[in-house]
Amino acid sequence: MATIFRNGNVIVGNGEIVEKGAVAINGNTITFVGPTKRIRPSKKDTVFDISGKSILPGLIDAHVHLCLDGSPDPMTSISKDSIPQLTLKAASHARQTLDAGVTTIRDMGGNCL
């Protein structure tokens, strides 16, 4: 069972805008992005008509620090952690970022991985 948003303007990650586009989501995964005419919803799918609206399937953050913890002195904090600890911290921060709707990131200075 998918959730489908159709007939709107879909802003694709490369800057393209698909007019009368659709986005399908199954669980937590975007399964389709493209023209509405290329997707056939089943009777079990939840469909939203977003005519006259725009949708952006996923956000991009081009400046993140996955290894830093946001403490007042993050560099001291990072110097005390082992590489495995930093890796686990970075993985946790990546999961939090994804759960917030950001699907693409660029890690700045991520020498911990």
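Look a little higher up for the structure.
Every chain's residues receive numbers from 1 upward, in the order its sequence appears when written. Only residues with pLDDT of at least 70 get local features here, since the model is predicted, and only at 80 or more are side-chain atom pairs given and counted; chain-wide, interface and lining totals rely on the full set of residues. As a convention, hydrogens and water are excluded, and side-chain values are obtained from all of the structure's heavy atoms.

Draft legend 1. Representation of the side chain of K89. A run of DSSP states H or I qualifies as a helix once it reaches four residues; a run of E qualifies as a strand once it reaches two. Both are numbered from the N-terminal end. Along the polypeptide, K89 turns up in helix α2 (residues 83-99). With residues up to four places along the chain from it excluded, the contact list for K89 reads L66, C67, D69, S77 and D81. Any two residues whose heavy atoms approach within 4.5 Å are treated as being in contact.

Draft legend 2. Structural context of unusual backbone geometry. Of note in the backbone geometry, N7 takes a positive phi value of approximately 75° without being a glycine. If you trace the backbone, N7 turns up in strand β1 (residues 3-11). Positive phi values are uncommon outside glycine, yet K20 reaches one of about 55°. Its location among the elements puts K20 in strand β2 (residues 17-26). The rule is simple: take the accessible area with a 1.4 Å probe, protein chains only, and divide by the maximum for that residue type; under 20% is buried, over 50% is exposed, in between is partly exposed. Given the relative accessible area of 62%, K20 is considered exposed.

Draft legend 3. Representation of α2 in the model. Any helix carries an expected span of 1.5 Å times its number of residues minus one. With 17 residues, α2 should reach 24 Å at 1.5 Å per residue; the first-to-last C-alpha distance of 24 Å fits that figure. Looking only at α2, the buried set comprises L86, K89, A90, H93 and T97. Taken down its axis, α2 places every buried residue within 100° of arc, on the same side. Projecting away from the buried face of α2 at angles above 90 degrees are the exposed residues P84, L88 and D99. Packed against the buried residues of α2 are α1 (74-80) and β7 (102-107). Immediately beyond the C-terminal end of α2, within one or two residues, lies G101, with a positive phi of roughly 100°. As used here, the arc belongs to the directions running from the helix axis to the C-beta atoms.

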